[in-house]
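# Examination of the molecular architecture
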Amino acid sequence: MSFNTICVVGLGYIGLPTAAMFASKEKHVTGVDISQHAVETINAGQIHIVEPGLDVMVKKAVDNGFLRATTTPEPADAFLIAVPTPFLPANTQDSIPEPDLSYIESAAKSIAKVLKKGDLVILESTSPVGATEQMSKWLAEERSDLTFPQTHGEESDIRVAHCPERVLPGHVIRELVENDRIVGGMTEQSSAAATQLYNIFVKGDCIITNARTAEMAKLTENASRDVNIAFANELSVICDKSGIDVWELIGLANRHPRVNILQPGPGVGGHCIAVDPWFIVSQAKDDAKLIKVAREVNDQKPSWVIKKIKAAISDYLVSFPGKNASQIKIGCFGVAFKADIDDLRESPAMAIAETISEWHLGEVLVVEPNIKTLPESLNKCKLVTHDFAIIQADIAVILVNHKEFYELDFGNIKLIDTRGIYKK
Ligand code: SAJ
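Residues numbered from 1 in each chain as written. Predicted model: local features only at pLDDT ≥ 70, side-chain atom pairs only at ≥ 80, totals over all residues. Heavy atoms only, no water.

## Overview of the overall build of the protein
In terms of helices and strands, the protein carries 14 helices and 15 strands. For the protein, whose C-alpha radius of gyration is 24 Å, the value lies close to the compact-globule estimate of 22 Å for 424 residues. Each of the three principal axes of the protein carries a C-alpha extent, and together these read 80 × 50 × 45 Å. Per-residue burial over the protein gives 52% buried out of 424 residues. In the protein, 68% of the contacts between residues at least 6 apart in sequence involve partners at least 24 apart. Here the protein holds 42 positive side-chain charges and 55 negative ones, and the gap between their average locations is 3 Å. (Helix = DSSP H or I, 4+ residues; strand = E, 2+ residues; numbered from the N terminus. Rg over C-alpha atoms; globule rule 2.2 N^0.38 Å. Buried < 20%, exposed > 50% of the residue type's maximum accessible area, 1.4 Å probe, protein only. Contact = heavy atoms within 4.5 Å. Lys, Arg positive; Asp, Glu negative; His and termini not counted. Charge placed at Lys NZ, Arg CZ, Asp CG, Glu CD.)

## Overview of the sheet that holds strand β13 (residues 381-383)
One key point about sheets: their strands pair by backbone hydrogen bonds, in either a parallel or an antiparallel sense. Within the open sheet, the five strands sit side by side as β13-β12-β11-β14-β15. Their pairing is parallel. Each edge of the sheet is formed by a strand with only one pairing partner; in this case those strands are β13 and β15 (414-417). The average undirected angle you get between the axes of adjacent strands in this sheet is 20°. The sheet contact formed by strand β14 (residues 395-398) and β15 spans four bridges and is parallel. Looking at the pairing, Ala-396 lines up with Leu-415 of β15. Sheet strands touched by helix α12 (residues 289-319): β11 (330-333), β14 and β15. Its angle to β14, the strand with the most contacts, is close to 165°. (Pairing = 2+ DSSP bridges. Axes fitted to C-alpha atoms, helices over the stretch in contact; angles between N-to-C directions.)

## Remarks on α12
The end-to-end C-alpha distance of α12, which contains 31 residues, comes to 44 Å, matching closely the 45 Å that a straight helix rising 1.5 Å per residue would cover. Of all the bends found along α12, the most pronounced is centred on Lys-301 and spans about 30°, while Pro-302, a proline, follows it within four residues. (Expected span 1.5 Å × (residues − 1). Bend = angle between axes of the 7 residues up to and from the residue.)

## Some points on the sheet that holds strand β9 (residues 181-185)
The eight strands lie next to each other as β3-β2-β1-β4-β7-β8-β9-β10, forming an open sheet whose pairing is mixed. In this open sheet, the two edge strands, each paired with only one partner strand, are β3 (67-70) and β10 (206-210). When strand polarity is set aside, the average angle formed by the axes of neighbouring strands in this sheet is 25°. Two elements, strand β8 (residues 159-162) and β9, share two bridges in a ladder whose sense is antiparallel. Each bridged residue has a counterpart across the sheet, and for His-162 the counterpart in β9 is Gly-184.

## Considering the pattern of salt bridges
Applying the stated rule across the entire model yields 23 salt bridges. A salt bridge links Asp-145 to Arg-143, with the nearest nitrogen and oxygen atoms 2.9 Å apart. Its relative accessible area of 53% is what places Asp-145 among the exposed residues. The shortest N-O distance in the salt bridge between Lys-382 and Glu-363 comes to 3.6 Å. Note that Lys-382 is positioned in strand β13 and Glu-363 in the loop between α13 (348-359) and β12 (364-367), a separation of 19 residues in sequence. Assessed through its relative accessible area of 28%, Glu-363 is described here as partly exposed. Among the charged side chains, a salt-bridge network with shared partners connects Asp-77, Lys-116 and Asp-119. (Salt bridge = Lys/Arg side-chain N within 4 Å of Asp/Glu carboxyl O.)

## Description of the site of the ligand
Taken together, 20 residues are adjacent to the ligand, and Glu-165, Val-167, Lys-218, Asn-222 and Gln-263 come closest. Here Gln-263 contributes a backbone N or O atom positioned 2.7 Å from a nitrogen atom of the ligand. Burial of the ligand by the protein amounts to 88% of the accessible area it has alone, namely 770 Å². With five residues, the top contributor of residues to the shell around the ligand is helix α9 (residues 211-242). When the residues that make up the shell around the ligand are grouped by side-chain class, the tally is nine nonpolar, three polar and eight charged. When residues are assigned to domains, the shell around the ligand turns out to be shared by domain 1 (5-204) and domain 2 (256-417), each giving three or more. (Near = heavy atom within 4 Å. Polar contact = N/O pair within 3.5 Å; in protein donor to acceptor, adjacent residues only side chain to side chain. Areas by Shrake-Rupley, 256 points an atom, 1.4 Å probe, with all protein chains shown as cover. Nonpolar A, V, L, I, M, F, W, Y, C, P; charged D, E, K, R; others polar. Domains from an automatic or database assignment.)

## Some points on the packing of aromatic side chains
Using the criterion set out here, one finds five aromatic pairs in the structure. Between Phe-410 and Tyr-422, the aromatic rings sit 5.1 Å apart at their centres with planes inclined by 90°, giving edge-to-face as the arrangement. With a gap of twelve residues between them, Phe-410 in the loop between β14 and β15 and Tyr-422 in the segment after β15 connect regions that are remote in the sequence. As far as burial versus exposure is concerned, Phe-410 and Tyr-422 are alike and both buried. Every member of this aromatic cluster is reached through a ring pair, and the members are Phe-333, Phe-405, Phe-410 and Tyr-422. (Phe/Tyr/Trp six-rings, centres within 6.5 Å; stacked < 30°, edge-to-face > 60°.)

## Focus on helix α4 (residues 102-112)
Listed as buried for α4 are Ile-104, Ala-107, Ala-108, Ile-111 and Ala-112. One side of α4 carries all its buried residues, which in axial view fall inside an arc of 135°. The inward-facing, buried residues of α4 abut β1 (5-9), β4 (78-81), β7 (120-123) and α5 (131-142). (Arc of directions from axis to C-beta.)

## Digging into the state of the cysteines
In this structure the tally under the stated criterion is zero disulfides. Sulfur of Cys-7: no disulfide; nearest cysteine sulfur belongs to Cys-163 and is 16 Å away. (Disulfide = S-S within 2.5 Å.)

## Comments concerning the nonpolar core
Ranked by size, the top nonpolar core spans 43 residues in total, and within it Leu-16, Val-58, Leu-67, Ile-122 and Leu-197 carry the most contacts. It is helix α1 (residues 15-24) that contributes the most residues to this core, six residues altogether. Ile-306, Ala-336, Ala-353 and Ile-356 belong to the second largest nonpolar core, which has 29 residues in total. (Core = buried A, V, L, I, M, F, W, Y, C linked by side-chain atoms within 4.5 Å.)

The values are spatial; any link to function lies outside them.
Given below as structure tokens:
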């Protein structure tokens, strides 16, 4: 098997670095995206997302002629699908969000047109169990002239595997190379081909399993983290009522050699940990009890923080009877979904700042060192420096543990520290 040409469908946070990585190994890579803007940006040697080191890599790959972007797939020896798998919003308050596989379906249908005997198709998108088999069925429906693993096993013309990405945003370039890779082939031939493909740049181990186990492994990793964070968030609510510092408590408990509790915060954000556990729950409604409750605990944490801010405003008015609510300035420290990134999507900190700015009569100051302008949804807030916010704010809320916030001195400002970073 030789993989000289590779087609990557979906040029987002995973697809683009993966495409650039293959191109850096002098493979001819075609990157496909439905966004004309993304395609034009990449072909100009630039990038449309923020990821350290990726800009240099893409520029080099494009300049050297190994990476080219387009809106329609072209023939290749291997196809990687790295498109989003969001969930469909729940219809009612009690219903469970269902995964939306429509991006995988259209990606599969678009590559089906150019598939040829011997090709390898890999699904990298985080997916519910059975999605890889479903993708292979969509391919087969489009190409009755080719055979696929679900009907022809090891003899099939096309090999199909699920190899979930597991990289951490902000560290993608290093983790793509160093992380171990789960390779879940629909057949042994599929796993062997996928392993050979990843060995072009992966230095970690490629561990072979079947497609369904690979799908569940990825969901399990993120659900495990979600459940552990939910435990920490539940402890934080319990400790708050008992006057116990939850961070000190967790630090002490983690001194036990077999205990490793994660950190509480204002809620769980991002596109992975807050989403993927629902894929398990929606397929195992009667059995995934703990995973579902953990999701609910984490989703309720922003409302708990909002209650704390409202209580702090009431306390302030009691302490300063001459003041009214419109004179109270609230400083929100951080709105990104986690530390040291500029990504505001699916951010509990953003949701808290939005709600407070809608509800509070006074000024809401936002400190976010990683962005230059506030999004439209925060148009009632003012983006300021941390020095300005500390001088002006009557109540400060630390929502994200950005590195810039660790050394700040909040003096006598009423402080709500949802990340436990402030040392008096
Ligand atoms: N968080 C806490 N407490 C903690 C750790 C995190 O509240 O102790 C919060 C963060 O503030 C953030 C959210 O959880 O809001 C998620 O952050 P994260 O850093 O844990 O994870 P992501 O979403 O950036 O990336 C995860 C990673 N998965 C795991 O660590 C198991 C990454 O390896 C995956 O590739 C990625 O999801 C993905 O694409 O699935």
